[in-house]
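Close look at the chain arrangement
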Amino acid sequence: MSKLQTISVRTDPPYEVTIGSGLLKKCGELLRPVLGNCRLAVVADSTVAPLYLDTVTASLKSAGFPVSTCLFPAGEAHKNIKTLTWILDFLADSQLTRSDCVVALGGGVCGDMAGFAAAIYLRGIRYVQLPTTLLAAVDSSVGGKTAIDLSAGKNLVGAFLQPSAVLFDTDCLKTLLPVLFADGAAEAIKTGILDSEELFSLIERGLLRSNPEAAIARCVAYKAGVVERDEKELGERRLLNLGHTIGHGIEISSQFDISHGHAVAAGMAIMARAAEKLGWTAEPVAERIANCLTAYHLPITTDFPPAVLAQAALSDKKRSGDSITIVVPESIGHCVQKTVPVSRLEEIIHAGLED
Ligand SMILES: NC(=O)c1ccc[n+]([C@@H]2O[C@H](COP(=O)([O-])OP(=O)(O)OC[C@H]3O[C@@H](n4cnc5c(N)ncnc54)[C@H](O)[C@@H]3O)[C@@H](O)[C@H]2O)c1
Ligand SMILES: [Zn+2]
């Protein structure tokens, strides 16, 4: 087994993110010292369950945990109130108490939804994240944002609850479709742009494929720092929305045919080009960002017209009254928040679309 990477997230309470090959087989013994004596309810979707559920439950049981399992149909379309109710009923039927724990085994959909169930069941019980997608490993499993979607929009109902532990088994990457690997790569590239020239150039040179443990650990360490300083997204944490305003517009305009990661990739490329054209950057960034995204088979533009994108993007949570805060890459490793009038968004998107 390759060397484990461990990152401490110093929230209150703190927790550790552990990354490495073969972790699911050892999840029971790794979680035992963290969770103590308790019952576990493992939540997984219909795609992940046949791949990894037996390994996880066997390991948890051999470490002495009583385990029950709750399955739901895979896909963002099921990240809704109906599935949430199903999970909550399952927790109640399994007679989980306040000292017990939910285990989210899966991608961001499972983590967000099982985490939200844990946040509200009995007014809050513990949960751990066993992410199985690259996106969940680098982004959604860390930071304690949990949510479900409403028909009016994504992630509109949720809560902040930090997990008690996060274990990412990098072997899960082997079964991930290339398109889902690319989704996660988009969030990792975003992290590189936010964090540093060093991390961005490592990702640029292929670190996500050559040494995923190291790349994911660096991304998680960056996110952990931001979350420690701004757990409830009142300031700095909003930087993690780089590419997300325009990306959100693309997701909505495509009626969610274009996945989150792909939409964010195009959103970052468009934002970088716009920033350069509008004189907001301190160095050329757009071509480098576009080339890196392309190397990971991600899109760097969209066919939706600026007016359509702007209107869709403005239905986003990041809007406040007549202004919207966008994240601008001034240079690689340095992004800033910029509040602009809502009326300027279309012009900014226009500047960022290739002519
Ligand atoms: N909480 C946060 O901070 C945060 C951050 C970013 C994204 N998100 C949320 O994350 C979600 C997207 O996450 P996602 O892309 O992981 O989606 P997902 O959980 O739907 O996973 C994508 C697909 O991959 C399958 N899958 C998962 N692991 C697999 C594996 N190892 N091998 C094969 N197939 C596998 C799943 O069954 C699913 O069909 C969105 O709902 C988004 O809102 C949350
Ligand atoms: Zn995202």
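Overview of the structure.

All right, on to the overall build of the protein chain then. Looking only at helices and strands, the protein chain features 14 helices and 12 strands. On C-alpha atoms alone, the protein chain measures out to a radius of gyration of 20 Å, which is about the 20 Å that the 2.2 N^0.38 rule sets for 355 residues. Every one of the 355 residues in the protein chain was classed for burial, and the buried ones make up 58%. Taking the intrachain contacts of the protein chain between residues at least 6 apart in sequence as the baseline, contacts between residues at least 24 apart amount to 74%. By element, 53% of the accessible surface of the protein chain is carried by carbon and sulfur atoms, the whole surface being about 14,500 Å².

The zinc ion (ligand 2) binds to the protein through Glu187 (OE), His244 (NE2) and His260 (NE2); the donor distances cover 1.9 to 2.1 Å. Look at where the donors of the zinc ion (ligand 2) fall in the sequence and you get E-x56-H-x15-H. Highlighted residues: glutamate 187 in helix α6 (residues 178–195) and histidine 244 in helix α10 (residues 244–253), separated in sequence by 57 residues.

Adjacent strands of a sheet form backbone hydrogen bonds with each other and so pair up, either parallel or antiparallel. Read from one edge of the open sheet, seven strands run β1-β2-β9-β6-β5-β3-β4, paired in mixed fashion. Each end of this open sheet is capped by a strand with a single partner; those strands are β1 (5–9) and β4 (67–72). When strand polarity is set aside, the average angle formed by the axes of neighbouring strands in this sheet is 15°. Where strand β3 (residues 40–45) lies against strand β5 (residues 101–106), five bridges are found, and the strand directions are parallel. Each residue of the ladder has a partner; that of valine 43, found in β5, is alanine 104. Sheet strands in contact with helix α9 (residues 212–229) are β1, β2 (15–20) and β9 (165–169), and its direction is about 5° off that of β1.

Counting 78 residues, the largest nonpolar core has Val17, Leu105, Ile189, Ile203, Leu208, Tyr296 and Leu298 as its most contacted members. Here this core takes nine residues from α9, the largest share from any one element. Ignoring sequence-local partners within four residues, the contact set of isoleucine 189 consists of Phe200, Ile203, Cys292, Leu293, Tyr296 and Leu298.

It is worth spelling out the side chain of aspartate 183 at this point. Inspection of the secondary structure assignment puts aspartate 183 in helix α6. Notably, aspartate 183 is buried but unbridged: the nearest opposite-charge side chain belongs to lysine 154, and the N-O separation is 9.6 Å. Reaching out from aspartate 183, the side chain makes a polar contact with the side chain of serine 259 at a distance of 2.6 Å. Looking at aspartate 183, its side chain comes within polar contact range of the side chain of histidine 262, at 2.8 Å. Aside from chain neighbours lying at most four places away, what touches aspartate 183 is Leu135, Ser259, His260, Gly261 and His262.

The subject of this paragraph is helix α11 (residues 260–277). With 18 residues, α11 should cover 26 Å at 1.5 Å per step; its first-to-last C-alpha distance of 26 Å lies within 8% of that length. Taken across its 18 residues, α11 has 15 buried, putting it largely inside the fold. Where α11 ends, the next residue or the one after it, glycine 279, has phi of about 75°, a positive value.

A pair can form between side chains of opposite charge whenever their charged atoms are brought close. In total, this model carries 15 salt bridges according to the counting rule given. In this structure, glutamate 228 and arginine 10 form a salt bridge, with 3.5 Å as the shortest nitrogen-oxygen distance. Note that glutamate 228 is positioned in helix α9 and arginine 10 in the loop between β1 and β2, a separation of 218 residues in sequence. Its relative accessible area of 25% is what places glutamate 228 among the partly exposed residues. Lysine 145 is the partner of glutamate 233 in a salt bridge, and the nearest nitrogen-oxygen pair spans 2.5 Å. In this pair, glutamate 233 is assigned in the loop between α9 and α10 and lysine 145 in strand β7 (residues 145–150), connecting sequence segments 88 residues apart. Beyond isolated ion pairs, a larger network of salt bridges with shared partners links Asp139, Glu187, Lys190 and Lys223.

Taken together, 25 residues are adjacent to ligand 1, and Asp45, Glu76, Thr132, Thr133 and Thr175 come closest. In the environment of ligand 1, an oxygen atom lies 2.8 Å from a nitrogen or oxygen atom belonging to the side chain of lysine 79. Contacts to ligand 1 include lysine 145, whose backbone N or O atom sits 2.9 Å from a nitrogen atom. Relative to its free-state accessible area of 860 Å², ligand 1 is covered by the protein chains to the extent of 88%.

Residue position: isoleucine 326 is located in strand β11 (residues 323–331). For isoleucine 326, a relative accessible area of 2% translates into the label buried. Note: C-alpha distance between isoleucine 326 and isoleucine 246 (80 residues apart in sequence) is 9.0 Å. Beyond its immediate stretch of four places on either side in the chain, isoleucine 326 contacts Thr245, Met271, Trp280, Val336, Gln337, Lys338, Val340, Leu345 and Ile348.

For the rest of this paragraph, the subject is the packing of aromatic side chains. Applying the stated criterion to the full structure yields zero aromatic pairs. The ring centre of phenylalanine 65 lies 4.6 Å from the NZ or CZ of arginine 32, which sits over that ring.

Thresholds applied
- Position labels on residues start from 1 in each chain and follow its written sequence.
- Chains and ligands are labelled sequentially in the order written, the chains with letters from A and the ligands with numbers from 1.
- Residue-level local features of this predicted model are given only where pLDDT is at least 70; pairs of side-chain atoms are given and counted only at 80 or more, and the full residue set underlies all totals for whole chains, interfaces and linings.
- Side-chain metrics in this entry use all non-hydrogen atoms of the structure; hydrogen atoms and water are not considered.
- In this description a helix means any DSSP run of H or I spanning at least four residues, a strand means any run of E spanning at least two, and both kinds are numbered starting from the N terminus.
- When we talk radius of gyration, it's over C-alpha atoms, and the globule rule is simply 2.2 Å times the number of residues to the 0.38.
- Per-residue accessibility, obtained with a 1.4 Å probe over protein chains only, is compared with the maximum for each type, and a residue is labelled buried under 20%, exposed over 50%, and partly exposed between these values.
- For this analysis, residues touch if any pair of their heavy atoms sits within 4.5 Å.
- All accessible-area figures derive from a Shrake-Rupley calculation using a 1.4 Å probe, and residue coverage is judged against the displayed protein chains alone.
- Water is not among the atoms examined, so metal sites may look incomplete; donors are the N, O and S atoms within 2.8 Å of the metal, or within 3.2 Å for Na, K and Ca.
- Paired strands, in this sense, are two strands between which DSSP finds at least two bridges.
- Between N-to-C directions, angles cover 0 to 180 degrees, with each direction set by a line fitted to C-alpha atoms, over the stretch in contact for helices.
- Throughout this description, the term nonpolar core refers to a set of buried Ala, Val, Leu, Ile, Met, Phe, Trp, Tyr and Cys residues connected via side-chain atoms within 4.5 Å.
- In this count, Lys and Arg are taken as positive residues and Asp and Glu as negative ones, while His and the chain termini are left out.
- A side-chain nitrogen of Lys or Arg and a carboxyl oxygen of Asp or Glu constitute a salt bridge if their distance falls within 4 Å.
- Any pair of N or O atoms that falls within 3.5 Å is considered a polar contact. Within protein, one atom must be able to donate a hydrogen and the other to accept it, and sequence-neighbouring residues count only if both atoms are side-chain atoms.
- Multiply 1.5 Å by the residue count of a helix minus one, and that product is the helix's expected span.
- Residue proximity to a molecule or strand is established when one non-hydrogen atom of the residue lies within 4 Å of it.
- Pairing of aromatic rings covers Phe, Tyr and the six-membered ring of Trp, with a centre-to-centre limit of 6.5 Å; geometry is then stacked below 30 degrees between planes, edge-to-face above 60, and tilted otherwise.
- Both a distance and an angle decide whether a charge sits over a ring: NZ of Lys or CZ of Arg must be within 6 Å of the ring centre and within 35 degrees of the ring normal.

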